[in-house]
Amino acid sequence: MKSAVETLNPTRVRLTVEVPFEELKDSLDAAYKKINQQVTVKGFRKGKIPARVIDQRFGRGAVLEEAVNDALPKFYTEAVNEAELNPLGQPEVDITELKDGETLNFTAEVDVRPALEIPDYSGIEVEVDAVEVSDEDVEKSVEQLRERFASTSPVERAAEDGDVVTIDLEAKVDGEVLEDGIASGVSYTIGSGELLDGIDDAVKGLEAGGEATFTSELKGGSAAGREAEVTVKVTQVAARELPELDDEFAQLASEFDTLDELKADSRKRLADMKTYDQATQAQERVLEKLLELVEVPVPEKLLEDEINTRKHNLEHHQLGQMGLDLEKYLEIQGKTAEEFEAETKEAAVKGIKTQFVLDELVKVEKLNVNQEELTEHLMRRAASSGMSPDQFAQAVVEGGQVPLLVGEVARGKALAVVVEAATVKDTNGEIVDLDDEDEDETATEAPEAAAEATDAPAEGTTEG
């Protein structure tokens, strides 16, 4: 077999392959054997029909077609490996010549990973938010904890903001009560915004036994997105009582003996969260700067597939779970269809570029993934998926997704290398020094940051 490569553009090549006919022998034998098992010829036992009889009765062309279809993937793969290509997706194959007993010639056009030049990235500088925890932040955190320990007691008065009311609901659309539009004994905190728009105004001022009717757009159920006439009846009004902020509350709500100790712990927790957010921000901004440094051509077909994948996931998974369609989603977001298309394309381009650049960095920096790193990443992915580690690991192995997880970890390590080399300053002008613990955290968080930038689908579509 002989093959040659023609570069059509930075992301697409054409392979020209010439196969001597004798190299088709195994596929021809397999074709005769397959046809033998499928047909019946009087006078011959099944599977024992001579090749010349098959040629006479069914045509040599049928045999050649079967043989070529069997052989093409093997010769294509050999040509790809010989040329050391990194194909993306399936090739477009065209048989240019097939002479029985002489030769098989074909061409295969396929998208390939572009050759990238990774420049010196040590000069990257980014700014991130400073880690500052104010007294107001601490007070807000403690107040949220206090809210969790609030108690309620029934009162004989009209409902007010902050009260917890027990209500019965009935929703009608076009004058008909919906099958899933009736609910009884619902507990609702006035002002929480957790139910329907307009319900706060409807129930405020009502005592137990009072009812009101209002119009609201349904957020879920069989008539999600439609206007409904909702009747609400208050069956109980209860006042919320917050515990006193003192040492007794600290002992009730935490492992600490004093309120001061509780506040100190809240301050530390907030600082840890802001430090984590700062590291994530550094990763995102360093990645943006890195992408600006590298010229990355994007294959058109790959981009088209990526855009379609993102749209499909949004419409059929995320929005479907919320009972929304794309039109309603865009209305809620205040976006036009054109703006949505542009944003989706921009995100897809960034995702593909991110994967290409980080994969190239993995090669340049000769980064490897060990079992401990893979296991830790698997545990994190399992937790985010809501599955147990064993269940997630089984699903990954059965789905042949282990190489994809390895790729995520490797790209995360590549991003961590760039972050470590960059200069990161906070908004106060201070250098952000990631100590050893933070670097370890950056290395383990980076796969998630990289995956978020690629938004995951690119992995599946960029592996040939």
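Basis of the calculations
- Residues numbered from 1 in each chain as written.
- Predicted model: local features only at pLDDT ≥ 70, side-chain atom pairs only at ≥ 80, totals over all residues.
- Heavy atoms only, no water.
- Helix = DSSP H or I, 4+ residues; strand = E, 2+ residues; numbered from the N terminus.
- Rg over C-alpha atoms; globule rule 2.2 N^0.38 Å.
- Buried < 20%, exposed > 50% of the residue type's maximum accessible area, 1.4 Å probe, protein only.
- Areas by Shrake-Rupley, 256 points an atom, 1.4 Å probe, with all protein chains shown as cover.
- Lys, Arg positive; Asp, Glu negative; His and termini not counted.
- Charge placed at Lys NZ, Arg CZ, Asp CG, Glu CD.
- Salt bridge = Lys/Arg side-chain N within 4 Å of Asp/Glu carboxyl O.
- UniProt positions renumbered as here; feature names shortened; annotations may be inferred.
- Pairing = 2+ DSSP bridges.
- Axes fitted to C-alpha atoms, helices over the stretch in contact; angles between N-to-C directions.
- Contact = heavy atoms within 4.5 Å.
- Expected span 1.5 Å × (residues − 1).
- Bend = angle between axes of the 7 residues up to and from the residue.
- Parallel < 35°, antiparallel > 145°, perpendicular 65-115°, else oblique.
- Left-handed = near helix turned anticlockwise from the far one by under 90°.
- Nonpolar A, V, L, I, M, F, W, Y, C, P; charged D, E, K, R; others polar.
- Patch = residues over 30% accessible without salt bridge, like charges linked within 9 Å, V, L, I, M, F, W, Y side chains within 5 Å.

When helices and strands are counted, the protein chain shows 15 helices and 11 strands. For 464 residues, the compact-globule estimate of 2.2 N^0.38 gives 23 Å, and the protein chain exceeds it by more than 25% at 32 Å. Summarising its shape, the C-alpha atoms of the protein chain cover approximately 100 × 65 × 45 Å along the three principal directions. Looking at the 464 residues of the protein chain, the share that counts as buried comes to 38%. Of the roughly 26,600 Å² of accessible surface on the protein chain, 46% is carried by carbon and sulfur atoms. For the protein chain, the separation between the mean place of its 48 positive charges and that of its 106 negative charges on side chains is 11 Å.

The next point concerns the pattern of salt bridges. Oppositely charged side chains can pair when the atoms bearing their charge come close. Tallied over the full model, the rule gives 32 salt bridges. Of the charged contacts, one joins Lys-2 and Glu-18 as a salt bridge, the two residues approaching to 3.7 Å between their closest N and O atoms. Here Glu-18 lies in strand 2 (residues 12–20) and Lys-2 lies in strand 1 (residues 2–9), a separation of 16 residues in the sequence. Lys-2 sits in the exposed class, given a relative accessible area of 57%.

Within this numbering scheme, the UniProt entry marks residues 162–215 as carrying the feature "domain: PPIase FKBP-type" (unreviewed entry). The straight-line gap between the two end C-alpha atoms of residues 162–215 is 22 Å; of that span, 9% is helix and 54% is strand.

Across the sheet, four strands lie side by side as 1-2-4-3; this open sheet has antiparallel pairing. Strands at the two margins of the open sheet, each flanked by one partner only, are strand 1 and strand 3 (87–99). Along the sheet, successive strands turn relative to each other by an average axial angle of 20°, direction set aside. For strand 2 and strand 4 (residues 103–112), the ladder comprises nine bridges, and the chain directions are antiparallel. Paired with Val-13 across the two strands is Val-110, which belongs to strand 4. On the sheet, helix 3 (residues 60–83) packs against strand 1, strand 2, strand 3 and strand 4 and is oriented at approximately 125° with respect to strand 3.

The next point concerns the side chain of Arg-12. Along the chain, Arg-12 turns up in strand 2. Residue Arg-12 is classed as buried on the basis of its relative accessible area of 16%. Contacts of Arg-12, omitting those with residues within four sequence positions, involve Glu-6, Thr-7, Glu-92, Glu-109, Val-110, Asp-111 and Val-112.

On to helix 3. Each α-helix turn comprises 3.6 residues. Residues three or four places apart therefore point the same way. For helix 3, with 24 residues, the first-to-last C-alpha span of 33 Å sits near the 34 Å given by 1.5 Å per residue. Roughly 35° is the biggest bend found in helix 3, and it falls at Ala-71, with proline Pro-73 one to four residues downstream. Those residues of helix 3 that fall on the buried side of the exposure criterion are Val-63, Leu-64, Ala-67, Val-68, Ala-71, Leu-72, Phe-75, Tyr-76, Ala-79 and Val-80. Packing partners of the buried residues in helix 3 comprise strand 1, strand 2, helix 1 (25–38), helix 2 (51–58), strand 3 and strand 4.

Burial along strand 9 (residues 211–217) is one-sided: Ala-212, Phe-214 and Ser-216 are buried, while Glu-211, Thr-213, Thr-215 and Glu-217, pointing the other way, are not. The pairing of strand 9 with strand 10 (residues 227–241) spans seven bridges and is antiparallel. The partner of Ser-216 across the bridge, within strand 10, is Ala-228.

Turning to the packing of helix 1 against helix 2, a few remarks are in order. At a minimum axis separation of 11 Å, helix 1 and helix 2 run at an interaxial angle of 70°. Taken together, the axes of helix 1 and helix 2 lie roughly perpendicular to each other. In this structure, helix 1 meets helix 2 at a crossing whose hand is left-handed. Contact residues: helix 1 offers Tyr-32, Ile-35 and Asn-36, while helix 2 offers Ala-51, Ile-54 and Asp-55. When its residues are assigned to classes, the contact of helix 1 with helix 2 shows four nonpolar, one polar and one charged.

We now examine the pairing of strand 2. Side chains on a regular strand alternate between the two faces of the sheet. Sheet topology note: the strand 1/strand 2 ladder contains seven bridges and is antiparallel. Residue pairing for strand 2: Glu-6 is matched across the bridge by Arg-14. Remark: two residues form the turn of the hairpin made by strand 1 and strand 2, two consecutive strands paired antiparallel.

What follows deals with the environment of Asn-428. Along the chain, Asn-428 falls in the loop between strand 11 (423–426) and helix 14 (436–454). Exposure remark for Asn-428: the relative accessible area of 48% places this residue in the partly exposed category. A sequence separation of 163 residues divides Asn-428 from Asp-265, and the C-alpha atoms of the two residues are 25 Å apart. When residues no more than four places from it in sequence are discounted, the contact partners of Asn-428 are Ala-130 and Glu-132.

So, on to the environment of Thr-309. Along the chain, the position of Thr-309 falls in helix 8 (residues 300–322). Residues Thr-309 and Asp-161, spaced 148 residues apart in sequence, show a C-alpha to C-alpha distance of 45 Å.

Turning our attention to the side chain of Arg-146. Summarising the element assignment, Arg-146 is placed in helix 4 (residues 135–148). Setting aside its immediate chain neighbours within four residues, Arg-146 contacts Leu-242, Pro-243, Leu-245 and Phe-249.

So, about a negative patch on the surface. A contiguous patch of negative charge on the surface is contributed by Asp-247, Asp-257, Asp-260 and Glu-261. Position of Asp-247 relative to the elements: it lies in helix 6 (residues 247–253). Residue class for Asp-247 comes out partly exposed when judged on its relative accessible area of 38%.

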